[in-house]
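What follows is each chain in one-letter form.
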Amino acid sequence: MKKNMITGSKLWSIAMITSLLAACSSPATTSTTANAATSTTGTTKTVSVSEQTSVKYADLVSLDADDTNISWNEADSTAIKLNGTTATVTGSGAKAANGSVTITEAGTYVLSGELTDGQIVVNVANKGTVHLVLNGATIHDNDSAAIYIQKAGKAVITLEKGTKNTVSDGKTYVYADATTDEPDAAIFSKADLTFNGAGQLTVTGNYNEGITSKDDLKIISGNISVKAADDGIKGKDMVAIQAGTITIQAEGDGIKSTNDTDTTKGYVAIAGGTFDIQSGNDGIQAETALVTDGGTYNIVTAGGSANAPAKVEEGPFGGGGWGGGTPPTDMGTPPDGEPPADMPEMPTNSGTNAGANTNGATSSSANTTATTNTDTNADADTAATATESTSAKALKAGTDLTVNGGTYTIDSMDDSLHSNNNVTVNDGTFNIESGDDGIHADQELTINGGTITIAKSYEGLEGAIITLNDGDVDVTASDDGVNAAGGETETTANTAANTERATTATDTATTSNISVTETTGTTSTTDQTSQGTDANQQGRGPGGMGAASNNEFHINGGTLTVNAGGDGLDSNGSINMTGGTVIVNGPTDSGNGALDYDGTFEISGGYLVAAGSSGMAQGTSDASMQNTIVMTFPATQKAGTLVHVQDSEGNNILTFAPAKDYQTVVVSSPDLKKDGSYVIYSGGTSTGKAMDGLYTDGTYSGGTQVVAFQSTSNVTWVNESGVTTANSGMGGPGGGGRQGGFGGGRNRTQSGTTSESTGTTDSAK
């Protein structure tokens, strides 16, 4: 649904429950169930979207010998022994004075002991490499950075194996004058900074940030724990993490890069590691590209999804009512994704850092950042009546977000995965609870693999163009499960160009100078010149009003399961399906539909079943090369009530137990024939194995025949009286505007017989 968002208390809709389905006169039937979750490759007039080859850590990050060097010996190094407010230096290149140690020459320096109020300063004029070995060192400075790299070609901090090291600062800094605002982190570097080694490091940034580099920041290994009043770990030009165990508690962002003037910089690249991040703002945020090859991530932002502002969808003519975020009352409890009624207030990150600079210089403390870190991305919901001021996304990229692998457990107040440009998921295991979108891309969202479970969200998947090539995706959303929206609006002038793009190889590399994604083939685009003539698009009510945009949703493989309070699959343009298995448990209110598209929905392969309310029901398009049945029952069926479709020989087409109340069921299968004879049953049981409500194998029995009919076209609409016409009219609450009439027709009944299935289609991925 196109929507306007407002924040406020959770509203509950009052559902109108229709009478139960009257028993038909036919006896119970039995049939053997073939594998219903089938997939096939069909021929279509459009070319399917090709998989994208994506950038990896090694494409962005290069390491030199200094980055990986952890060796040292006493003969070739300078020892710095810390003792309270003094230090003893044994060797050359460093001097201790006034409680601080200043290093002026390149070389290796081994630090041990405790400095209770002092500073380690690196100021090497010849730009050489300074190697600091923390060998059981505790360093604290009351009014400045504890380790300050003022000048060097590179600084490398090695955490000696078997040691525990601590670095911290005070809550108030003293600067030389009112124009100075650096350093502002417990460990602060103006040069490239690398961490390596197998020891432990605990950093506490009481004033502002934990670890900051104004150039590159690399973590090769180590056990690093950071607690910060603002950002935990920040590198201006890049943050590169090869391995290690990293724990962050930050009032601002957990990990971030900030260079917004050079599009070849400002990225975050992670090869692996273990991450536990609790942040007030974004968990991991890149100004440009964010790439993760692997690792284990546990990320909680702004207290988690329970802290998300409640969202209410405005009706098409203003006011509340047909809200995708409004849970149906007949579910008993709110669907996953609905924020709790007693929502706590948003974190304010208030503290004592602001203005703490004793010289009168403005402090860049956490409370300033946390309240002004405004997310400038324009989501599809651009007509918001209230703007959230805090960006609290788990993984966020300014250009492209690419996930090549890893395990992610995310509880985010805001989007869990977000890009202002493209998101590509090539692999990985995701367990997501989001207060907004599960995965959001301003432009293209492509899923090439992985296992994605979005257990809670407002909208599950959102992007201008969404492509599912492979992978297992399970979405629970209080509004739309999948929403292809946003981006440039389709016009008459660009319709031809958009159609031509369907058959022309295109390069969809990112617009930034970092080559993050590259399409190796062609992009499928439904021919939208046919919109408005398709029977399934005519007479659309809210959600289908207005001209179709160039938004697209492509399903080429994999599995997608949706449980949505709003539209199940929603495209402001078109939907194209060539393979895979899609299961939709759609809305129970008639202001939304299990399928909702403004252009066309052409299917040429795969297996589709979508159950939901009847008022806004759509099937697939007449131009589809694979056949579809759209069945509307005379009354709402209770959740879990089996719907069974078999052909005249008793072969199973569908045995499905929707997770929610439903009145309309759409099924498209390679086994359906344009001129086939079919019987639809309600209720009964199956001995087969159910996966997401879809039964495979086993035997169906005990159901009541609803209708027997002869398929007459690519898309056959039926009710209990037989074949009817496509849904038309606005519909709306109460399921008005259903196809055909339910009176005056003869119920077609027959005795069912047991038959072994002869289906030969391949199982879906």
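All values reported here derive from a predicted model rather than from experimental measurement. (Residues numbered from 1 in each chain as written. Predicted model: local features only at pLDDT ≥ 70, side-chain atom pairs only at ≥ 80, totals over all residues. Heavy atoms only, no water.)

**Student:** Would you mind going over the overall build of the protein chain with me for this structure?
**Tutor:** Scanning the protein chain from N- to C-terminus turns up 4 helices and 63 strands. For the protein chain, the residues scored as buried account for 60% of the 765 residues in total. When contacts within the protein chain are restricted to residue pairs at least 6 apart in sequence, long-range pairs at least 24 apart make up 63% of them. Surface accessibility of the protein chain: about 26000 Å² in total, with carbon and sulfur atoms responsible for 47%. (Helix = DSSP H or I, 4+ residues; strand = E, 2+ residues; numbered from the N terminus. Buried < 20%, exposed > 50% of the residue type's maximum accessible area, 1.4 Å probe, protein only. Contact = heavy atoms within 4.5 Å. Areas by Shrake-Rupley, 256 points an atom, 1.4 Å probe, with all protein chains shown as cover.)

**Student:** Before we go on, may I ask you to explain the pairing of strand β40 (residues 472-477) in this structure?
**Tutor:** Here is the key point about a regular strand: its side chains alternate between the two faces of the sheet. Pairing of strand β38 (residues 451-456) with β40 involves 4 bridges; the strand directions are parallel. Looking at β40, one finds that threonine 451 is bridged to aspartate 472. Bridging between β40 and strand β44 (residues 559-564) involves 6 bridges; their strand directions are parallel. Pairing of aspartate 472 across the sheet is with threonine 559, part of β44. (Pairing = 2+ DSSP bridges.)

**Student:** Explain unusual backbone geometry here, please?
**Tutor:** Note on backbone geometry: most residues besides glycine have negative phi, and most peptide bonds are trans. With omega at 0°, the peptide bond leading from glutamate 182 into proline 183 counts as cis. With respect to the helices and strands, proline 183 occurs in the loop between β14 (164-169) and β15 (185-189). Phi angles above zero are rare outside glycine, and asparagine 98 is one such case at about 55°. With respect to the element layout, asparagine 98 can be found in the loop between β7 (94-97) and β8 (100-103). What makes asparagine 98 exposed here is its relative accessible area of 83%.

**Student:** In this structure, what is going on with the environment of threonine 90? I would like to understand it.
**Tutor:** As for its placement among the helices and strands, threonine 90 is situated in strand β6 (residues 86-90). Residue threonine 90 is classed as exposed on the basis of its relative accessible area, which comes to 53%. Spatially, the C-alpha atoms of threonine 90 and threonine 78 are 5.7 Å apart, while their sequence positions differ by 12 residues.

**Student:** Would you take a moment to explain the environment of isoleucine 219 for this structure?
**Tutor:** Within the secondary structure, isoleucine 219 sits in strand β19 (residues 216-219). A relative accessible area of 2% places isoleucine 219 in the buried class. A C-alpha to C-alpha distance of 9.6 Å links isoleucine 219 and isoleucine 246, two positions 27 residues apart in sequence.

**Student:** Help me out: how do you make sense of the confidence of the model for the protein chain in this one?
**Tutor:** Interpretation of the predicted coordinates at a detailed level should be avoided for regions scoring low in pLDDT. Put simply, the protein chain has an average pLDDT of 79, and 70% of its residues get 70 or more. Within the model, pLDDT remains below 50 along residues 1-52, and this stretch shows 216 contacts once partners closer than five positions in the same chain are excluded. Within the model, pLDDT remains below 50 along residues 489-546, and this stretch shows 168 contacts once partners closer than five positions in the same chain are excluded. (pLDDT = per-residue confidence, 0-100.)

**Student:** Explanation requested: the pattern of salt bridges in the structure shown.
**Tutor:** Following the criterion strictly, the structure yields 12 salt bridges and no others. The salt bridge involving aspartate 67 is made with lysine 218; its shortest N-O contact spans 3.1 Å. Of this pair, aspartate 67 sits in helix α2 (residues 65-68) while lysine 218 sits in strand β19, and the two are 151 residues apart along the sequence. With respect to burial, aspartate 67 and lysine 218 carry one shared label: buried. A salt bridge links lysine 638 to aspartate 661; the shortest N-O distance between them is 3.9 Å. Here lysine 638 is found in the loop between β51 (628-637) and β52 (643-647), whereas its partner aspartate 661 is found in the loop between β53 (652-656) and β54 (662-668), with 23 residues between them in sequence. (Salt bridge = Lys/Arg side-chain N within 4 Å of Asp/Glu carboxyl O.)

**Student:** Got a minute to help me understand the side chain of serine 669 in this structure?
**Tutor:** With respect to the secondary-structure elements, serine 669 resides in the loop between β54 and β55 (677-682). A polar atom in the side chain of serine 669 sits 3.0 Å from the backbone nitrogen of aspartate 671. (Polar contact = N/O pair within 3.5 Å; in protein donor to acceptor, adjacent residues only side chain to side chain.)

**Student:** It is not clear to me how the side chain of asparagine 627 should be interpreted in this structure. Could you clarify?
**Tutor:** Mapped onto the elements of the fold, asparagine 627 is located in the loop between β50 (607-612) and β51. Within polar-contact distance, the side chain of asparagine 627 engages the backbone oxygen of leucine 672 at 3.0 Å. Residues within four places of asparagine 627 in sequence aside, it is in contact with Val667, Ser668, Ser669, Leu672, Lys673, Lys674, Ser713 and Asn714.

**Student:** When you look at the packing of aromatic side chains in this model, what are you seeing that I'm missing?
**Tutor:** We describe a pair of aromatic rings using the distance from one ring centre to the other and the angle between the two ring planes. The final tally for this structure, using the stated rule, is 10 aromatic pairs. Measuring from ring centre to ring centre gives 4.7 Å for phenylalanine 275 and tyrosine 297, while their planes differ by 5°; the resulting arrangement is stacked. Of this pair, phenylalanine 275 sits in strand β26 (residues 274-279) while tyrosine 297 sits in strand β29 (residues 296-301), and the two are 22 residues apart along the sequence. Taking 5.9 Å as the distance between ring centres and 85° as the angle between the ring planes, the aromatic pair formed by tyrosine 597 and phenylalanine 601 counts as edge-to-face. A relative accessible area of 0% places tyrosine 597 in the buried class. One aromatic cluster is present, formed by Phe275, Tyr297, Tyr408 and Phe430 through successive ring pairs. Sitting over the ring of tyrosine 458, lysine 311 keeps its end group 5.7 Å from the ring centre. (Phe/Tyr/Trp six-rings, centres within 6.5 Å; stacked < 30°, edge-to-face > 60°. Lys NZ or Arg CZ within 6 Å of the ring centre and 35° of its normal.)

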